[in-house]
Each structure stands twice: as C-alpha cells, then as structure tokens.
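The residues making up each chain are set out below.
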Amino acid sequence: MKISTNSSTDLFVHISLVVALVVALFLGFFFLYLPFTTNHGQSITVPDLSGMSVQQLEDYLDERNLRYEVVDCTFVVGQKPLTVIRQNPKSGLRVKEDRKIYVYITALNAPNVKMPQLVDRTKRSAEAELARLGLRLGEIKYVPDPAQNSVMTQMYNGRPITPGTLIPQGSKIDLEVGDGIGNTEFDVPDVVGKTLEEADFVLKASSLKRGLVMPVDDPTKPPGTVVRQNPEAGAGNKIHVGEVIDLWVVGGSPDTQPEQQNE
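The shown structure was predicted, so the numbers you read here are calculated from the model rather than taken from an experiment.

About the criteria used
Residues numbered from 1 in each chain as written. Predicted model: local features only at pLDDT ≥ 70, side-chain atom pairs only at ≥ 80, totals over all residues. Heavy atoms only, no water. Helix = DSSP H or I, 4+ residues; strand = E, 2+ residues; numbered from the N terminus. Contact = heavy atoms within 4.5 Å. Phe/Tyr/Trp six-rings, centres within 6.5 Å; stacked < 30°, edge-to-face > 60°. Lys NZ or Arg CZ within 6 Å of the ring centre and 35° of its normal. Core = buried A, V, L, I, M, F, W, Y, C linked by side-chain atoms within 4.5 Å. Buried < 20%, exposed > 50% of the residue type's maximum accessible area, 1.4 Å probe, protein only. Salt bridge = Lys/Arg side-chain N within 4 Å of Asp/Glu carboxyl O.

Trainee: Please clarify how the environment of Ala 199 should be interpreted in this entry.
Mentor: Inspection of the secondary structure puts Ala 199 in helix H4 (residues 196-205). Separated by 27 residues in the primary sequence, Ala 199 and Val 226 place their C-alpha atoms 7.7 Å from one another. Setting aside residues up to four positions removed in sequence, Ala 199 forms contacts with Val 191, Lys 194, Val 226 and Leu 247.

Here it is in structure tokens:
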C-alpha cells in the first residue's frame, strides 16, 4: 500500500508536535515547577531579634511567617530581663516559610551569689573577683591608711557586708581603699646612732617606710650605723603614717635596697 505524501507530512507534523510538547513539559517541569516548589518560602530574610522582648516575638514573627522557640534563659548583667540576646539562625540569612528561630533570652530574676572576702586584698584583685562572680564595682573611696590600694571595707547598699552573704548577681559593691599615706601625724622618730636593723624595726613600728639607704665613710662609727636621716628628728618635725625616711649608713653595702612600696 502506498502512503501519500500528504499522509507522511501529517505524520511528521504530529510526531514533531508530540516531541515539542514532551520537551516543553520537560523544560517546564525542571525550570519552572521545581524551582517554584523548591524555592517556595525561601525568600524570607531572618530579622535581627536582638533586644526584642518575648512579648513582641510572637506577633513580629507571625507577620513574617516564622516561628520561635526559647532554647535557654541566662542572667546577663546590664540587660533587660526576658529579652533576646542570641538567635539561631542569625539575622540576614534566608530561610523557608514557617522556619523556627531558636532564641536565647535573659532571665527575669538574677541568681544569688555569695559575697566574697575582699578586705585586705588589693584593689585590682578585688575588681577581678567581683567580675568573676558577676558583681559590679561601685564607688571607690580612698581612706587614710598606710596600706596603699588595699581594701579596707566592702559595702553593699551603703552598709558593710560580711563575706558569705547572699546577694543578687549584678549588685554593686562599693569599696574603701587605703591611700597609702594616712592622716595620723606624729613626731619624726630618731634612728640616728642605731643599726640599720634597729632603724628598720623602729620605722615599721611607727608605720613608716625605709627609703633610700646611702653608704657613707665614718671611721668613728661601727659599720651599719645610721649617721643621718631625712627628714630629721626633733625641731618639731612631723610625719604622717606611711611616709618614707631616707637613711645614711656607715659602710652600707652596694646591694642595700630601699624598702619596697605597696602597689
């Protein structure tokens, strides 16, 4: 049986149409349908929730087709309670609709901590200990005392506080710190004629410090004898607690060092 030319042409046209339709469906599926379904909901940018209260989160995220879940609650000094301090995923990332944002918020109430023993510690050591416990350093008041930069009193709410007392984390602790001088004034003690060891004993008993020790030659005095001091004793000369007296010593050794000052 002989097929007419028109019949062959029609068959070819139909086959071409079928192939074109299949190709169109194939391309449409992979380049239109799949991207649409796969990317559906991924155009949402995660907002920055830092500092936002829990009361605001529900409506704020609902409007953006997102959800949230509180992961942890931690007290943070200086932060408002029940506010967001961290989130996952971070702001700026793109996620699908109905994605859950995990948030970390500040606690409503501060936990209690034990007041440490700061008296007799240096100011720097006291500051480090307060920071370690989550307590804040309040006012520092310098008071007359020869123990320079040493904590004399620890205060909470204007009153002395004993170590071990429970107080809320984040509380302010005020300190009274020695100024290294003191306000007690008295006559300059006389150490001339004494040995350096005896002079040191007198100075420490008077809450004074030995300053420079300068060697001198004096064959009439035994080695190690103090022959001069500054400031001098007598003549109504006065001195304050914590001040320094320089000494001139017969045959003082080159390695004789001034008494170290408190830092």
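Trainee: Please clarify how the packing of aromatic side chains should be interpreted in this entry.
Mentor: Where two aromatic rings form a pair, the distance of their centres and the angle of their planes describe that pair. Enumeration according to the criterion identifies 0 aromatic pairs in this entry. In this structure, Arg 86 is placed above the aromatic ring of Tyr 104, and the distance from its NZ or CZ to the ring centre is 3.9 Å.

Trainee: I keep staring at the nonpolar core and nothing clicks. Help me out?
Mentor: Note that soluble globular proteins tend to have their nonpolar side chains buried in a common cluster. In terms of nonpolar packing, the biggest core is built from 13 residues, with Met 115, Leu 118, Leu 135, Ile 167, Ile 173 and Leu 175 touching the most fellow members. Where this core is concerned, the elements lending two or more residues are helix H3 (123-132) and strand E11 (172-178). Considering each element in turn, this core owes the most residues, 3 residues, to E11. Sequence-distant contacts of Leu 175, that is, excluding residues within four places in its chain, are made with Leu 118, Ala 126, Leu 137, Glu 139, Ile 140, Lys 141, Val 151, Thr 153 and Gln 154.

Trainee: Can you walk me through the pattern of salt bridges in this structure?
Mentor: In a structure, side chains of opposite charge can pair up when their charged atoms sit close to one another. Enumeration over the complete set of coordinates arrives at 7 salt bridges. Residue Asp 98 pairs with Arg 67 through a salt bridge whose shortest N-O separation is 3.2 Å. With Asp 98 in the loop between strand E4 (94-95) and strand E5 (100-106) and Arg 67 in strand E2 (residues 67-74), this residue pair connects regions lying 31 residues apart in the sequence. Under the relative-accessibility criterion, Arg 67 is labelled partly exposed at 37%. Here Lys 238 and Asp 187 are joined by a salt bridge, their closest N and O atoms 2.6 Å apart. Of this pair, Lys 238 sits in strand E15 (residues 238-240) while Asp 187 sits in strand E12 (residues 185-187); the two residues are 51 residues apart in sequence, bridging distant segments of the chain. Judged by relative accessible area, Lys 238 falls into the partly exposed class, the value being 46%.

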